[in-house]
Amino acid sequence: TIITSMRRRRAVIQPKSRRQRKDSIFLLLSLLGLSITFLMVFHVITMLDDEPYKKTIRVSLDSLPLTPKERDDYRKIIQKRQQEKNYHNKTEASKGKEPLLKLLQQEAGIKLDQDIIQLLPTWESITNLYGSNPILRDCSNNGNNEAARSLAIAGLFGSGTNLASKYLKRNCRMVSGEQTSIRWEVPGGKHVPRNFLPSSQDVLPVVMIRDPYLWMISLDVQWFHNSERHCPNLVPDERDHREFPSLRSKSSIPVHIQYPSVKHLSWDSLFHLWMDWYQQYYDSRTEDRVMIRYEDFVFFPYQTTKYLCEQCAGGQLKHPFTYVQPSAKAMGPGHGEFRTNWITSILRFSYGETYRTDGFTVQDLEFVKTNAQQESSSLMDVFHYPIVYPS
């Protein structure tokens, strides 16, 4: 009797369990179909929308990746500007900065608080330094899709190679099939001097160049110098001679680099390294390559990326345009705790013209001026990097 009763229960319960499973599966499939339909509709709407879909990022002084000293220095600048220019609201603090605010807030979707707006440099101060348009040398493709090739990044360390790679990978669609792409580096290594690289006809090198004063300040390389007292160190002073006896017979501080693929290389100074490295690419105009300033990706990212993608690579710019807001170096290890992002790169111009020569001695500035003027075709003139004359 008991067994019969249990069997009857199973006979009653089992069919009900199957129906429940069928109903559950049908419900899950229905939800999945609705989700796919929603995503497809959303994708079509965003593709047709003239205004890019943006995620607003809020930025304050406390949220930036700054050292404690940098944060204190910026607060002092804010206090000084409030006293001198009566900056007490966003409207007053925004005067003369409208193009920069349009780029950051309207186009890139970054919400800036009043402290950040007060710290921003004026647009006039930026264009006085670097001009009002990107500078590219040279691009011979002229948008010919049949001649489209892969773009490959090159540049000295600290020149913005990661930033260029991110902008191009996110925003440039190569249209010639699988034969073209955005490559992380040129064959042989992106930091290796041009004269030591193999010739490659299937890539167009995109060579990143940076203001030499700011490039030298930004470096943390190992050569004879006391970085806390004198950096960047170009001309040794009396203390350098005492601390480093090997420099006593030197008029400048040499730089030595061991590249993995080539022999040990040396230059008379950090500025000689900058001049020689970029002169090799600049002189190779018989071979296609395009040289672009790091500063153009900071202040003219849309125009710069569009030109490289469409005019040089024969590609198509993606819509909507994606601005690179976090640190470009976050894609690779070994770049330090306080990484430079887009906002901090711009804020450093708050210091004015002195920012470009912070840490330089009068002898260092004279050294740069003399050597830059000795070049028959000065790279600093070509790329609109003004020479600083010691006062």
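Here the structure is a predicted model, which is why all the values come from computation and not from measurement.

Here the focus is the overall build of the chain. Helix and strand content of the chain: 15 helices and 11 strands. Contacts spanning at least 24 positions in sequence make up 71% of the contacts within the chain whose residues lie at least 6 apart. For the chain, the computed accessible surface area is about 21,300 Å², with 52% contributed by carbon and sulfur atoms.

Glancing now at the environment of Asp 237. Along the chain, Asp 237 falls in the loop between α8 (212-218) and α9 (238-243). On the accessibility criterion, Asp 237 (27% relative accessible area) is partly exposed. The spatial distance from the C-alpha of Asp 237 to the C-alpha of Ser 251 is 9.4 Å, given a sequence separation of 14 residues. Among the polar contacts made by the side chain of Asp 237, one reaches the main-chain amide nitrogen of Arg 239 at a distance of 3.2 Å.

With that out of the way, let us pick up a nonpolar patch on the surface. The grouping of Ile 25, Leu 29, Leu 32 and Ile 36 at the surface amounts to a nonpolar patch, some 400 Å² of accessible area in total. Mapped onto the fold, Ile 36 is located in helix α1 (residues 2-48).

A few words now on the nonpolar core. Leu 112, Phe 271, Trp 274 and Phe 299 are the most contacted members of the largest nonpolar core, which totals 103 residues. The element contributing the most residues to this core is helix α10 (residues 270-283), with 9 residues.

Further remarks concern the pairing of strand β10 (residues 290-293). Because side chains alternate across β10, one face comprises the buried residues Val 290 and Ile 292, and the other comprises Met 291 and Arg 293, equally buried. Here strand β3 (residues 136-137) runs beside β10; their pairing, made up of 2 bridges, is antiparallel. Pairing of Leu 136 across the sheet is with Ile 292, part of β10. Across 4 bridges, strand β7 (residues 203-209) lies against β10 in parallel orientation. By the bridge assignment for β10, Met 208 is matched with Ile 292.

Under the criterion given, the structure shown has 8 salt bridges. For Arg 356, the salt bridge goes to Asp 211, with nearest N and O atoms at 2.7 Å. Residue Arg 356 is found in the loop between α13 (342-347) and α14 (362-374), and its partner Asp 211 is found in the loop between β7 and α8; the two are separated by 145 residues along the sequence. Judged by its relative accessible area of 0%, Arg 356 is buried.

The next thing to look at is the side chain of Asn 341. Counting through the fold element by element, Asn 341 comes out in the loop between β11 (316-317) and α13. Judged by relative accessible area, which is 14%, Asn 341 ranks as buried. A polar atom in the side chain of Asn 341 sits 3.3 Å from the backbone nitrogen of Ile 343.

On to the sheet that holds strand β6 (residues 182-183). Ordered in space as β3-β10-β7-β4-β6, the 5 strands form an open sheet in which the pairing is mixed. Two strands close off the open sheet at either side, each with one partner strand: β3 and β6. Strand contacts of α10: β4 (150-155), β7 and β10, with the helix running at about 150° to β7, the strand carrying the most contacts.

The next point concerns the packing of aromatic side chains. Considering all chains together, one arrives at 17 aromatic pairs under this definition. Ring centres 5.7 Å apart and planes at 65° place the aromatic pair Tyr 213 and Phe 360 in the edge-to-face group. Taken together, the residues Tyr 213 in helix α8 and Phe 360 in the loop between α13 and α14 connect sequence positions 147 residues apart. You'll find Tyr 213 and Phe 360 in the same group, each marked buried.

Each value, and the rule that gives it
Residues numbered from 1 in each chain as written. Predicted model: local features only at pLDDT ≥ 70, side-chain atom pairs only at ≥ 80, totals over all residues. Heavy atoms only, no water. Helix = DSSP H or I, 4+ residues; strand = E, 2+ residues; numbered from the N terminus. Contact = heavy atoms within 4.5 Å. Areas by Shrake-Rupley, 256 points an atom, 1.4 Å probe, with all protein chains shown as cover. Buried < 20%, exposed > 50% of the residue type's maximum accessible area, 1.4 Å probe, protein only. Polar contact = N/O pair within 3.5 Å; in protein donor to acceptor, adjacent residues only side chain to side chain. Patch = residues over 30% accessible without salt bridge, like charges linked within 9 Å, V, L, I, M, F, W, Y side chains within 5 Å. Salt bridge = Lys/Arg side-chain N within 4 Å of Asp/Glu carboxyl O. Core = buried A, V, L, I, M, F, W, Y, C linked by side-chain atoms within 4.5 Å. Pairing = 2+ DSSP bridges. Axes fitted to C-alpha atoms, helices over the stretch in contact; angles between N-to-C directions. Phe/Tyr/Trp six-rings, centres within 6.5 Å; stacked < 30°, edge-to-face > 60°.

Don't take any of this as a statement about function, it's just geometry.
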